[in-house]
Amino acid sequence: MLADSEPFSLYIHIPYCISKCPYCDFNSHVVPVIPETNYTEALKNELDTYATKEYWNGRTLKSIFFGGGTPSTFNPKSISEILQKAESLFPFERDIEITLEANPGTVDSKNFSGYRACGVNRISIGAQSFQPHLLKFLGRVHSPEETRQALRIIRQAGFENFSLDLIYASPGQSLSDLKADLSEALSFHPPHLSAYNLTFEEGTPFYRKYRAGKIRPLPEEEEISMAEMIEETLAGECLERYEISNYARGEFQSRHNLNYWQGGEYLGIGAGAHSYKQIGDNDLLGHRWHNEENPGCYMEKIEHEGQAVNGEEKADSQKAAGEFMFLGLRMTRGISVAAFSRRFGTNPDEFYPQISDWVKGGLMEEKDGQLKLTPRGLMVANSIFVNFV
Ligand code: SF4
């Protein structure tokens, strides 16, 4: 089947937040007044533009993800208008997954019933921690009680599918802090949970403090003990690890994120959003592009040109193979050796001779045609991934 007749995923970026967290390197902005009406119009116009392109025209959508920033700063009316526009241009699959990211301080019961009513069927909530001292360190503006209240509202609004985000390995965090976070998170029976280790990304205030020696990351052994505690605790609650940082019960794995990791096509709209398409059946190396990051410039470009592309890249086989590996190996099921060979004309271990060393060293294994990281390999995944970029 040609890629351009298959269902695809839609990412919608809402770039506004009520405050900027010091570890955040996402395209998020704090403004005195969020220009919700104009930004919503721009998103709808951008969808119209893509619908006129032969490659996307009339194709079916399998997942939509409102990410940010903080999409829960937008009213259900705006979210509804965007979804209606999307559905009028790209038919929805019957079981489409529609996720909206929310932050606890922005959860209000009327809005969440409104999101549910207009078709959103999954919420991803940024709890991060239930310990006041860790929320303070992370610069989060919500309290643990606001998170508890948000989780109650999400349930009451009828969301059976929701995900809770935690951050671990913050300086000053102890194993008992983490234990308490996991225990409280699990008391809400989340069908999906993401646990991200804190990283110090270039350009953030945390990075500058780290470089100046004002913040010291946790020692590696402590971080590893935390990662082990997370996996053991969540496995005991039937939350299976299916990606480096993601755990789900049964069928609640994030379909939208699986599409990214499996190299599926996606259209990204909004300020700074990234898109990916396979060009055609003779060129399977992929084509990526991204939008203007500044929300004001994004809206202006959309108004005048209907789109806001600010950079693009056609991958060569080296880059495309690297992406295939580091995205696919994030999943615990790993990559299909046959799929790699079909696409790149050779086996992964011929393309990357280091693979045999990783297998011998117990970091990777091949089983039933899948090449994957072992539990030990998942612990040092980043040091393996650098070989693919
Ligand atoms: S709420 Fe999320 S997107 Fe906004 S600044 Fe904090 S980490 Fe970044």
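Please refer to the structure higher up on the page.
Here the residue index of a chain counts from 1 through its sequence in written order. For this predicted model, a pLDDT threshold of at least 70 governs which residues receive local features, and a threshold of 80 or more governs which side-chain atom pairs are given and counted, while totals over whole chains, interfaces and linings are taken from all residues. Values reported for side chains reflect all heavy atoms of the structure, with hydrogen atoms and water molecules removed beforehand.

### Describing the overall build of the protein chain
Formally: A run of H or I in DSSP counts as a helix once it spans at least four residues, and a run of E counts as a strand once it spans at least two, with each numbered from the N terminus. When we talk radius of gyration, it's over C-alpha atoms, and the globule rule is simply 2.2 Å times the number of residues to the 0.38. Accessibility here uses a 1.4 Å probe with only protein chains present; expressed as a share of the type maximum, an area under 20% marks a residue as buried, one over 50% as exposed, and anything in between as partly exposed. Note on contacts: a residue pair is in contact if any heavy atoms of the two residues lie within 4.5 Å. All accessible-area figures derive from a Shrake-Rupley calculation using a 1.4 Å probe, and residue coverage is judged against the displayed protein chains alone.
In terms of helices and strands, the protein chain carries 16 helices and 15 strands. Taking 2.2 N^0.38 as the reference for a compact globule, 389 residues should give roughly 21 Å; the C-alpha atoms of the protein chain span a radius of gyration of 21 Å, in line with that estimate. Of all 389 residues assigned to the protein chain, the portion counted as buried reaches 53%. The long-range fraction of contacts in the protein chain, counting pairs at least 24 apart against all pairs at least 6 apart in sequence, stands at 69%. When the accessible surface of the protein chain is summed, it comes to about 17,800 Å², and 48% of that surface belongs to carbon and sulfur atoms.

### Quick word on the site of the ligand
The condition is simple: By convention in these notes, a residue is near a molecule or strand provided one of its non-hydrogen atoms lies within 4 Å of it. We call Asp, Glu, Lys and Arg charged. Ala, Val, Leu, Ile, Met, Phe, Trp, Tyr, Cys and Pro are nonpolar, and the rest, Gly among them, are polar.
Neighbouring the ligand are Cys17, Ser19, Lys20, Cys21, Tyr23, Cys24, Phe26, Ser28, Gly69, Thr70, Asn103 and Arg140. Here the shell around the ligand is composed, by residue class, of five nonpolar, five polar and two charged.

### Some details on the pattern of salt bridges
Note the cut-off: Any Lys or Arg side-chain nitrogen found within 4 Å of a carboxyl oxygen on Asp or Glu counts as a salt bridge.
By the definition in use, this model includes 14 salt bridges. Glu41 is paired through a salt bridge with Lys44; the nearest N and O atoms lie 3.0 Å apart. In this pair, Glu41 and Lys44 are both assigned in helix 1 (residues 36–51), three residues apart and thus about one turn of the helix distant. Here Arg148 ties to Glu184 by a salt bridge, and the two come within 2.5 Å at their closest N and O atoms. Pair noted here: Arg148 is in helix 5 (residues 144–156) and Glu184 is in helix 6 (residues 175–186), with a separation of 36 residues, a long-range link. Because the salt bridges share partners, they merge into one network encompassing Glu41, Lys44, Lys77 and Glu81.

### Considerations on the side chain of Asn246
What counts, and what does not: What qualifies as a polar contact is a pair of N or O atoms within 3.5 Å, subject to a donor-acceptor requirement within protein and to the restriction that residues adjacent in sequence count only when both atoms come from side chains.
In this fold, Asn246 is placed in strand 8 (residues 246–248). In this structure Asn246 comes out as buried when scored by relative accessible area, which is 2%. Of the polar contacts made by the side chain of Asn246, one reaches the side chain of Glu243; its length is 2.7 Å. With residues near it in sequence (within four places) discarded, Asn246 still touches His192, Leu193, Ser194, Tyr196, Glu240, Arg241 and Trp261.

### Some points on the nonpolar core
So the rule is basically this: Take the buried residues of types Ala, Val, Leu, Ile, Met, Phe, Trp, Tyr and Cys, join any two whose side-chain atoms come within 4.5 Å, and each joined set is a nonpolar core.
Core analysis: the biggest nonpolar cluster contains 70 residues, and Ile64, Phe112, Val120 and Ile123 have the highest contact counts within it. Considering each element in turn, this core owes the most residues, six residues, to helix 1. In this structure, Val120 is in contact with Ile79, Leu83, Ile98, Thr99, Leu100, Tyr115 and Phe159, ignoring residues within four places of it in sequence. If you look at the next biggest cluster of nonpolar residues, it comprises 25 residues, including Ala315, Phe324, Ile355 and Phe388.

### Quick look at the packing of helix 1 against helix 2 (residues 76–89)
Heads up, the condition is: Axis lines are fitted to C-alpha atoms, over the contacting stretch for helices. Their N-to-C directions set the angle, which ranges from 0 to 180 degrees. Every angle not falling under 35 degrees, over 145, or within 65 to 115 is termed oblique; those three ranges are roughly parallel, roughly antiparallel and roughly perpendicular.
Across the interface, helix 1 lies against helix 2 with an axial gap of 10 Å and an inter-helix angle of 5°. Here helix 1 lies roughly parallel to helix 2, going by the angle between them. Where helix 1 approaches helix 2, its residues Glu36, Thr40, Glu41, Leu43, Lys44, Leu47, Asp48 and Ala51 are matched on the opposing element by Ser78, Glu81, Ile82, Lys85, Ala86 and Leu89. When its residues are assigned to classes, the contact of helix 1 with helix 2 shows six nonpolar, two polar and six charged.

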